[in-house]
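Residue-level listing of the chains:
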Protein chains: 2
Amino acid sequence: MANSGKAIPTSVVKRLTRYLTEVQALREAEVEWVSSQELAETLGLTSSTVRQDLSHVDFSGISRRGYRIDGLERVLVDVLGVDTTWNTVVVGAGNLGRALALHHEFSHRGFNICGIFDSDPKKVGVKVGRLAVKGMRELPTVVGEQNVQIGIIAVPDDAAQSVGDLLIASGIHGLLNLSLAHIVAPAGVAVTDSRVVASLLELAHAIKYRR
Amino acid sequence: MANSGKAIPTSVVKRLTRYLTEVQALREAEVEWVSSQELAETLGLTSSTVRQDLSHVDFSGISRRGYRIDGLERVLVDVLGVDTTWNTVVVGAGNLGRALALHHEFSHRGFNICGIFDSDPKKVGVKVGRLAVKGMRELPTVVGEQNVQIGIIAVPDDAAQSVGDLLIASGIHGLLNLSLAHIVAPAGVAVTDSRVVASLLELAHAIKYRR
DNA sequence: TAGATTGTTAATCGATTAACAATC
DNA sequence: TAGATTGTTAATCGATTAACAATC
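Reading the values: rules and limits
Residues numbered from 1 in each chain as written. Chains lettered and ligands numbered in written order. Predicted model: local features only at pLDDT ≥ 70, side-chain atom pairs only at ≥ 80, totals over all residues. Heavy atoms only, no water. Domains from an automatic or database assignment. Contact = heavy atoms within 4.5 Å. Buried area = accessible area lost by both parts, 1.4 Å probe. Salt bridge = Lys/Arg side-chain N within 4 Å of Asp/Glu carboxyl O. Helix = DSSP H or I, 4+ residues; strand = E, 2+ residues; numbered from the N terminus. Pairing = 2+ DSSP bridges. Axes fitted to C-alpha atoms, helices over the stretch in contact; angles between N-to-C directions. Buried < 20%, exposed > 50% of the residue type's maximum accessible area, 1.4 Å probe, protein only. Right-handed = clockwise from strand over helix to strand, strands pointing away. Least-squares fit on C-alpha atoms with pLDDT ≥ 70 in both.

A. How the structure looks around the domain arrangement of chain A. When the domains of chain A are assigned, the result is domain 1 (10-80) and domain 2 (86-198). The gap between the C-alpha centroids of domain 1 of chain A and domain 2 of chain A is 31 Å.

The structure is reproduced here in structure tokens:
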């Protein structure tokens, strides 16, 4: 059947992003149906996990056939908010911040980069694609006037919390934190961490102690 | 007491990277001792989790005082392999690949970028810091001759597996996957995913359904 | 029809938290 | 000493997997 209404655990949401990617690839390959077993094999999961996960979204498969690609894509797009345009700002115009502001995958998925900011006066005015780097003082105005919902924090660790605080005070709804720092935010503001350096340390550990 | 020898669960390893970051910040602030309670508050955990986690590393705290910063840093550096130099290549010279190749945080943590590669002939030869982009054909030689252990995959999703296969065939020990694709690798090769676009989708979901 | 695949319940597994004796 | 904090065991909680009746 499939339920809806209740909150979906983050462990499940993480996998839903992967199902969406795979389902979109299948749709582009003009595949019409996919079974839990096929999805599981492609993504390195069990079919049981796939069926459990999909029971959290409001969409049903059909016995002996599996899930219709177009319907499954539609419901995953909905639940992951990819059908919405998300106005987004990047704070930090270093290598990483500039790369993210230019990342095509973001605009392609509905994340509209409205501005890139840096506290370094030497960086202010520098062009990043069609945008020019702005000073931090302009951040609250841009967030307020352009209805910006998401802030991407790409600054050094020791500046991350104060940047987060400024974004929150400006009325942001969610933060994507790329720094290694832990960001404290009130309950109404969502924070997701994406720490590439931490992932590299995990990998170094896995290599060092692999058997 | 503290154990060693047994494999550490990845859930724990993820947090060890955060303890290391925090402990290094404390050491720079010339703090000498930290308790499980203090670490827990800073990182948004329970003190029980911190003590459980630290029981996986070969280091003991002291009652009524906590953990010595210098010793704790040393053992975390060891277990996360930060005391080693990791020769690393980046595959994909798009915005993200170039940014990672230039990311100071990497070299700072012992990840030595030995090369950046792209399949697009127009990108070959372009300078990225002190490196010039090389063609894919040169990848196996560089990996073999320079004892490269880590490959960072920053290519479009549909090229990710074949890039992974080439790196594996060249003798890589671990892959950091930034694409949304699922990478299949033999047991001896570690794979860690760091998907910034997926994190952004998780954030969009959290904002859309927040209460 | 026969049988492959779903949705869901129950069982297992693993991770987190609570509790507390040991101890500095 | 008194009491704060560790290390560890036991309890709880949540996530994954197995199993299977329902069904197309």
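Let's pick the thread back up.
B. Region of the structure containing the interface of chain B and chain A. Every contact between the two is made by 63 residues of chain B and, on the other side, 62 residues of chain A. Of the roughly 5,500 Å² buried where chain B meets chain A, counting both sides, 67% is carbon and sulfur surface. Here chain B and chain A share six salt bridges between them. In this structure, Glu202 of chain A and Lys14 of chain B form a salt bridge, with 3.2 Å as the shortest nitrogen-oxygen distance.

C. Spotlight on unusual backbone geometry. All names here are of chain A. Despite not being glycine, Glu30 has its phi angle at roughly 60°, a positive value. On the secondary structure map, Glu30 appears in the loop between helix 1 (10-28) and strand 1 (33-34). Its identity as a non-glycine residue notwithstanding, Asn147 has a phi of 55°, on the positive side. If you trace the backbone, Asn147 turns up in the loop between helix 7 (139-145) and strand 8 (150-153).

D. Summary view of the sheet that holds strand 8 (residues 150-153) of chain B. Spatial ordering of the open sheet is given by 7-4-3-8-9-10 (chain B), a layout of six strands whose pairing is parallel. Strand pairing shows two members of the sheet lacking a second neighbour, strand 7 (134-135) and strand 10 (190-193) of chain B, which therefore form its edges. The pairing of strand 4 (residues 111-118) of chain B with strand 7 of chain B spans two bridges and is classified as parallel. Bridge assignment links Asp118 of chain B to a residue of strand 7 of chain B, and that residue is Gly135 of chain B. Lying over the sheet, helix 9 (residues 196-208) of chain A contacts strand 3 (86-91), strand 4, strand 8, strand 9 (174-177) and strand 10 of chain B, oriented at roughly 165° with respect to strand 10 of chain B.

E. The pairing of strand 8 of chain B, seen in detail. Residue and element names in this part refer to chain B. Every second residue of strand 8 is oriented toward a common face, with Ile150 and Ile152 on one face and Gly151 and Ile153 on the other, all of them buried. In terms of strand pairing, strand 3 meets strand 8 through four bridges, oriented parallel. For Val89, the partnering residue across the bridge sits in strand 8 and is Gly151. The parallel pair strand 8 and strand 9, bridged by helix 8 (residues 157-169), forms a crossover whose chirality is right-handed.

F. Focus on the relation of the copies chain B and chain A. Aligned on chain A, chain B shows an RMSD of 0.0 Å; the corresponding rotation is 180° and the shift along the axis is 0.0 Å. Both chain copies can therefore be described as sitting about a two-fold axis. Using C-alpha coordinates, one finds that chain B approaches the rotation axis most closely at Ala99 of chain B, a distance of 3.0 Å. When you check the interface residues of chain B against chain A, 98% turn up at the interface there too, and the contact is symmetric in its surfaces.

G. Highlighting the sheet that holds strand 8 of chain A. Strand order in the open sheet made by the six strands is 7-4-3-8-9-10 (chain A), with parallel pairing throughout. The open sheet is flanked by strand 7 (134-135) and strand 10 (190-193) of chain A, the only strands paired with a single partner. By the bridge criterion, four bridges tie strand 9 (residues 174-177) of chain A to strand 10 of chain A in an arrangement that is parallel. By the bridge assignment, Gly174 of chain A is partnered in strand 10 of chain A with Ala190 of chain A. Helix 8 (residues 157-169) of chain A contacts strand 3 (86-91), strand 8 and strand 9 of chain A of the sheet and is inclined by roughly 170° relative to strand 8 of chain A. The sheet contacts of helix 9 (residues 196-208) of chain B involve strand 3, strand 4 (111-118), strand 8, strand 9 and strand 10 of chain A, and relative to strand 10 of chain A the element is tilted by about 165°.

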